[in-house]
Amino acid sequence: MEKAWWKEAVVYQIYPRSFMDSNGDGIGDLRGVISKLDYLKDLGIDVIWMSPCYKSPNDDNGYDISDYRDIMDEFGTMADFKEMLDGIHQRGMKLMMDLVVNHTSDEHPWFVESAKSPDNPYRDYYIWRDPKDGKEPNNWISYFSGPAWELDQTTGQYYLHLFTRKQPDLNWENEKVRYEVYDMMKFWLDMGCDGFRMDVANLYSKVPGLPDGKPRVGRVGAENYQDGPRIHEFFREMNREVLSKYDIMTVGEMSDVPLEQALRYAGTDRNELNMVFQFEQDLLDTVEGERWAYRSVPLPELKAVFSKWQTQLHEKAWNSLYWTNHDQPRTVSRRGNDTDFRKESQKMLYTMLMTMQGTPYIYQGEEIGMTNVSFDSIDDYDDVEIHNCWRERVIKNHEDPDRLLEGIRYRARDNARTPMQWDDTEHAGFTTGNPWLKVNPNYKEINVKEALADENSIYYYMRRLITMRKEYPVAVYGDFKEYGPEHTKLYVYERRYEGQKLYVVLNFSEEPVPFSMPEEWKGAETRLLISNYEDEPLTDRRIRPYEAAVYSGGC
């Protein structure tokens, strides 16, 4: 298997609005990031993925960009950005930017021009259509509820927006648009940035004619804009014009992408992307496609997804490994136990992440085990997705507000966006002002200061995991063999690579579970590398609640 620095890297995602505020305005900023670079270096991070910091009116927290070559006013200046980039590089780390080019803000100069008249030179930068029978051009539904079309009163046409109405979709069929994007990418790479995470990257190509979508729960029309007919042509062109000219890492966020398509986007012989973020694991706890309904996922189902991606991408494409990000609930609240076994279960979950093949991504606050937040009122939530849904379902359609609020508390994107909990002072040390989003009330018990003072904290365990991954190439490159896929409480697997073995035992339950070590694991060379409990001799025994144990052995 061909080695690469981005395969061996550990990535840390920063959501700058919530990471660290340096000036007391309640909003995180770039100088706040600069002040915490040593913290990230000490953790063992190789790459920082920065969620969008470009100029934006913030209808969707920076994912609506009005200027791709400038910095959001609240976050600082281009001089601050360059200082941050230099500081990252001086510490031996790299910076991956967030590339948001399926859409822009409606305040971007391209769209301002495009909306002036049907014959404006920028009209074809976006997707405009005439009404159909006096209504929207088709029945597509936005990711954020309601029709995916907005009527422009000036010209009498609709424009497409798969997200909010202030996020009009770019027309990737227009070659001028594509090369504007490529030129902008070169701007950041020439400055010294080290790669891109590509937002909703499999949505660029739409089916010609924009036909109506098939009836379904949720996003009607998705089959006409996910993995569209020209998407691979676009990525091969992007690779040829930009990506292949730099030593960078790329990962595409791919909504609902099946494994077969992932192999096309990230296959070693495809000349498109290094890897993709797939969502199969995130869809397991939905109920019949309903975003705000959820269920408990039986462990065999969760294991089947992870094991499939481990085995079927091996030597064909590269995996991305993540539990959460800025769009998902907190890991320990979703997959672990955030009350009685918060530390044990979070350590176990990240033991799994760090012992699989692929590039691991850690979202900010995961290294101290931050949890979901349970706000009392819908007014405490900020996310545009939530408020659009609330207006549609509760105010307009009179659905049960308590039931919807329960689902929001479980799955809301704001669970990951509450301010970083640095210490036990007011506002968790995030700001001296009023934070843009309320701090999770448990910050007095869960914070970085507490974690750094506790030698058994999640933070120090995470650091040990990262060190182990870097010392054992088998953890990065090894093949994968699962034991007992139908076991309802344990996930057991081994990795092999060039004379090294790793044996991994994970208890996903709050009960002790009998465990008999496979015969091929036993031997004088087998030893315990890391565990989230105190070390014990290598014998058959009961695996404690949420216990994780990693053994090494020779082939």
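Residues numbered from 1 in each chain as written. Predicted model: local features only at pLDDT ≥ 70, side-chain atom pairs only at ≥ 80, totals over all residues. Heavy atoms only, no water.

A few points about the overall build of the protein
- The helix and strand inventory of the protein stands at 18 helices and 22 strands.
- Computed over its C-alpha atoms, the radius of gyration of the protein comes to 24 Å, within 12% of the 24 Å expected for a compact globule of 555 residues.
- The long-range share in the protein, meaning contacts at least 24 apart out of those at least 6 apart in sequence, stands at 70%.
- Only carbon and sulfur atoms are counted for the fraction: they give 46% of the accessible area of the protein, which is about 21,200 Å².
- In the protein, the 68 positive side-chain charges and the 97 negative ones have mean positions that sit 3 Å from each other. (Helix = DSSP H or I, 4+ residues; strand = E, 2+ residues; numbered from the N terminus. Rg over C-alpha atoms; globule rule 2.2 N^0.38 Å. Contact = heavy atoms within 4.5 Å. Areas by Shrake-Rupley, 256 points an atom, 1.4 Å probe, with all protein chains shown as cover. Lys, Arg positive; Asp, Glu negative; His and termini not counted. Charge placed at Lys NZ, Arg CZ, Asp CG, Glu CD.)

A short note on the nonpolar core
- Counting residues in each nonpolar core, the largest one holds 157 residues, and the members touching the most others are F81 and M198.
- Those residues within four positions of M198 in sequence are excluded, and the remaining contacts are L99, M185, Y204, F235, M238, L243, T250, V251, G252, E253 and L273.
- Formed by 16 residues, the second largest nonpolar core is a distinct cluster that contains I127, W149, Y158 and F163. (Core = buried A, V, L, I, M, F, W, Y, C linked by side-chain atoms within 4.5 Å. Buried < 20%, exposed > 50% of the residue type's maximum accessible area, 1.4 Å probe, protein only.)

What to know about the packing of helix α5 (residues 78–90) against helix α7 (residues 175–191)
- Contact pair α5 / α7: the axes reach a minimum separation of 11 Å and the direction vectors enclose 55°. Taken together, α5 and α7 sit at an angle that is classed as oblique. The segment α5 lies against α7, with M78, F81, K82 and L85 engaging F187, W188 and M191.
- A per-class count over the contact of α5 with α7 returns six nonpolar, no polar and one charged. (Axes fitted to C-alpha atoms, helices over the stretch in contact; angles between N-to-C directions. Parallel < 35°, antiparallel > 145°, perpendicular 65-115°, else oblique. Nonpolar A, V, L, I, M, F, W, Y, C, P; charged D, E, K, R; others polar.)

Some thoughts on the layout of surface pockets
- The volume enclosed by the largest pocket comes to roughly 1,000 Å³.
- If you go around the largest pocket, you meet 41 residues; those closest to its centre are Y143, F144, R219, R291 and E385.
- Of all the secondary-structure elements, those providing two or more residues to the lining of the largest pocket are α10 (280–283), β13 (290–294) and α14 (384–396).
- Among the residues forming the lining of the largest pocket, the class breakdown is 11 nonpolar, 12 polar and 18 charged.
- Considered as a void within the structure, the second largest pocket measures approximately 470 Å³ in volume.
- In terms of lining, the second largest pocket is formed by 21 residues, of which the most central are W6, G267, T268, L273 and N274.
- Residue composition of the lining of the second largest pocket, grouped by class: nine nonpolar, seven polar and five charged. (1 Å grid on protein atoms, 1.4 Å probe; cavity = no way out; pocket = protein on both sides within 12 Å on 5 of 7 lines; lining within 4 Å. Points joined across faces, edges and corners; volume = space filled by probe spheres on them.)

With respect to the sheet that holds strand β8 (residues 158–160)
- Sheet architecture is open: three strands sit in the order β6-β8-β7, paired in antiparallel fashion. Taken across any chain shown, the strands that pair with only one partner, and hence form the sheet edges, are β6 (128–129) and β7 (149–151). (Pairing = 2+ DSSP bridges.)

Description of the sheet that holds strand β10 (residues 249–253)
- Read across the open sheet, the eight strands follow the order β11-β10-β9-β5-β2-β1-β15-β14; overall the sheet is parallel. Single-partner strands in this sheet number two, and they are β11 (275–277) and β14 (320–322). When the angles between neighbouring strand axes are averaged without regard to direction, this sheet yields 25°.

Re the state of the cysteines
- Going through the model one piece at a time under the given rule, you end up with zero disulfides.
- A disulfide-free cysteine, C193 has its sulfur positioned 8.3 Å from the sulfur of C53, the nearest such atom. (Disulfide = S-S within 2.5 Å.)

A few points about unusual backbone geometry
- Despite not being glycine, S145 has its phi angle at roughly 80°, a positive value.
- Examined against the element boundaries, S145 turns out to sit in the loop between β6 and β7.
- Backbone geometry places L210, a non-glycine residue, at a positive phi of 45°.
- With respect to the element layout, L210 can be found in the loop between β9 (195–198) and α8 (231–241).
- Given a relative accessible area of 8%, L210 falls into the buried group.

Some words on helix α9 (residues 259–266)
- Three or more residues of α9 are buried, namely L259, Q261, A262, Y265 and A266. Buried positions in α9, seen along its axis, are confined to an arc of 150° and lie on one side of it.
- Where α9 is buried, its residues meet α8, β11 and α11 (299–312). (Arc of directions from axis to C-beta.)

Some details on the pattern of salt bridges
- For the structure on display, the rule yields 45 salt bridges.
- Of the charged contacts in the structure, one is a salt bridge between R413 and D383, with a shortest N-O distance of 2.7 Å. Remark: D383 occurs in the loop between β15 (359–363) and α14 and R413 occurs in the loop between α15 (401–411) and α16 (448–453); sequence separation between them is 30 residues. Each of the two residues, R413 as well as D383, counts as buried. (Salt bridge = Lys/Arg side-chain N within 4 Å of Asp/Glu carboxyl O.)

Description of the side chain of T250
- With respect to the helices and strands, T250 occurs in strand β10.
- Given a relative accessible area of 3%, T250 falls into the buried group.
- Other than its neighbours up to four places away in sequence, T250 contacts F196, M198, L243, L273, N274 and M275.

Quick look at the packing of α14 against α15
- Taken N-terminus to C-terminus, the directions of α14 and α15 make an angle of 160°; their axes are 11 Å apart at the nearest point. One way to sum up the angle between α14 and α15 is to call them roughly antiparallel. The crossing of α14 and α15 is right-handed. When α14 is examined against α15, the residues I386, C389, W390, R393 and V394 are found in contact with a partner set consisting of P401, L404, L405 and I408. (Left-handed = near helix turned anticlockwise from the far one by under 90°.)

Points about the pairing of strand β17 (residues 490–497)
- By the criterion of burial, β17 is predominantly enclosed, with seven of the eight residues buried.
- Pairing between strand β16 (residues 479–483) and β17: five bridges, direction antiparallel. When the bridges of β17 are listed, K481 appears paired with E494.
- Between β16 and β17, which follow one another and run antiparallel, lie six residues, and G484 among them has a positive phi close to 60°.
- Strand direction decides the pairing type here: β17 and strand β18 (residues 500–507), joined by eight bridges, are antiparallel. When the sheet's bridge partners are listed, Y493 is paired in β18 with V504.
- In this antiparallel pair of consecutive strands, β17 and β18, the connection spans two residues, and E498 shows a positive phi of 45°.

Don't take any of this as a statement about function, it's just geometry.
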